[in-house]
Amino acid sequence: IIFSLGRTRQFQLHYHPAVDGWEQKYIDSGGSKSTSASEEVGPRILSEEFDVHAATDAERSTLDVSHWPTWTTNDKEKWAVGNQVLDKEMPYGELSYVLSGRLEIIPQSTGVPVIVEKGDFVTFPKGFVASWKVLEELTWHYYLY
């Protein structure tokens with residue numbers, strides 16, 4: 001996608017294919033096609049930084065989490081329990097809601113392990129780098145941006 005600003009300034013936005021396909025997966029799961037950024041119900045970014053917090057019922061409802069696509073580690077050898085993925089860099093922003101399982105994330109910026117588990121929202125900003133270790137098989141809903 002190329003945007004023009006006046007006669008002399010142009011820039012190109014680069015989107016990851018996974019982000020491009022996310023909206024259709026959301027709609028296929030029963031979510032509504034977004035018509036306005038000011039809509040009250042639907043997915044949105046919660047934080048610009050890496051963040052883990054226990055989700056509230058109100059957040060899950062407002063963000064329409066039940067219609068987000070689902071991802072699991074159960075059929076992915078790279079993400080088998082006990083495996084560690086070093087220095088994974090997020091190619092896009094992601095907000096995840098953990099349905100089951102446990103994951104240890106060690107952000108490169110702090111070196112401090114963070115445990116993610118059932119009921120947590122996790123924000124991974126684009127460019128976030130961390131080491132990941134699956135402690136229990138994971139299943140989560142996800143929003144890509």
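Notes on the structure in this doc start here. Keep in mind that this is a model prediction, so the values were computed, not measured. (Residues numbered from 1 in each chain as written. Predicted model: local features only at pLDDT ≥ 70, side-chain atom pairs only at ≥ 80, totals over all residues. Heavy atoms only, no water.)

## Points about the overall build of the protein
And then number 1: In terms of helices and strands, the protein carries two helices and nine strands.
And then number 2: Starting at the N terminus and ending at the C terminus, the protein contains elements arranged as β-β-α-β-α-β-β-β-β-β-β.
And then number 3: Buried positions account for 34% of the 145 residues belonging to the protein.
And then number 4: Once local pairs closer than 6 in sequence are excluded, the contacts in the protein between residues at least 24 apart make up 70%.
And then number 5: With an accessible surface of roughly 8700 Å², the protein has 49% of that area assigned to carbon and sulfur atoms. (Helix = DSSP H or I, 4+ residues; strand = E, 2+ residues; numbered from the N terminus. Buried < 20%, exposed > 50% of the residue type's maximum accessible area, 1.4 Å probe, protein only. Contact = heavy atoms within 4.5 Å. Areas by Shrake-Rupley, 256 points an atom, 1.4 Å probe, with all protein chains shown as cover.)

## Digging into the side chain of S96
And then number 1: Relative to the assigned elements, S96 resides in strand β6 (residues 94–107).
And then number 2: Within the structure, S96 has its side chain in polar contact with the side chain of E94 (distance 2.6 Å). (Polar contact = N/O pair within 3.5 Å; in protein donor to acceptor, adjacent residues only side chain to side chain.)

## Quick word on unusual backbone geometry
And then number 1: With phi around 60°, D64 is a residue other than glycine that occupies positive phi space.
And then number 2: The residue D64 is located in the loop between α2 (57–62) and β4 (70–72) in this model.
And then number 3: In this structure D64 comes out as buried when scored by relative accessible area, which is 12%.
And then number 4: Phi at D87 takes a positive value of approximately 50°, unusual for a residue other than glycine.
And then number 5: In this fold, D87 is placed in strand β5 (residues 84–89).
And then number 6: The class of D87 is partly exposed, set by a relative accessible area of 49%.

## What to know about the environment of M90
And then number 1: For M90, the position within the fold is in the loop between β5 and β6.
And then number 2: The buried category is assigned to M90, whose relative accessible area is 2%.
And then number 3: When the C-alpha atoms of M90 and A130 are compared, they prove to be 8.7 Å apart, with 40 residues separating the residues in sequence.
And then number 4: When sequence neighbours within four positions are dropped, the list of residues in contact with M90 reads F124, P125, K126, G127, F128 and W132.

## Thoughts on the packing of aromatic side chains
And then number 1: Considering all chains together, one arrives at 14 aromatic pairs under this definition.
And then number 2: Considering the side-chain rings of W22 and Y26, the 5.0 Å spacing of their centres and the 15° angle between planes classify their relative orientation as stacked. Here the residue W22 and the residue Y26 both occupy positions in helix α1 (residues 17–28), the gap between them amounting to four residues, near one helical turn. By the burial criterion, W22 is buried, and Y26 matches it.
And then number 3: A ring pair is formed by F124 and W132, whose centres lie 4.9 Å apart and whose planes are at 20°; its orientation type is stacked. (Phe/Tyr/Trp six-rings, centres within 6.5 Å; stacked < 30°, edge-to-face > 60°.)

## What to know about α1
And then number 1: Helix length check: α1 (twelve residues) gives 17 Å between terminal C-alpha atoms against 16 Å at 1.5 Å per residue, within 8%.
And then number 2: Taken as a whole, α1 has its buried residues at V19, W22 and Y26. Projected down its long axis, α1 shows its buried positions confined to an angular sector of 25°, all on one face. Opposite the buried face of α1, at more than 90 degrees from it, the exposed residues are P17, D20 and D28.
And then number 3: Looking at the packing, one finds that the buried side of α1 touches β9 (129–144).
And then number 4: Just past α1, the residue G30 takes up positive phi, approximately 105°. (Expected span 1.5 Å × (residues − 1). Arc of directions from axis to C-beta.)

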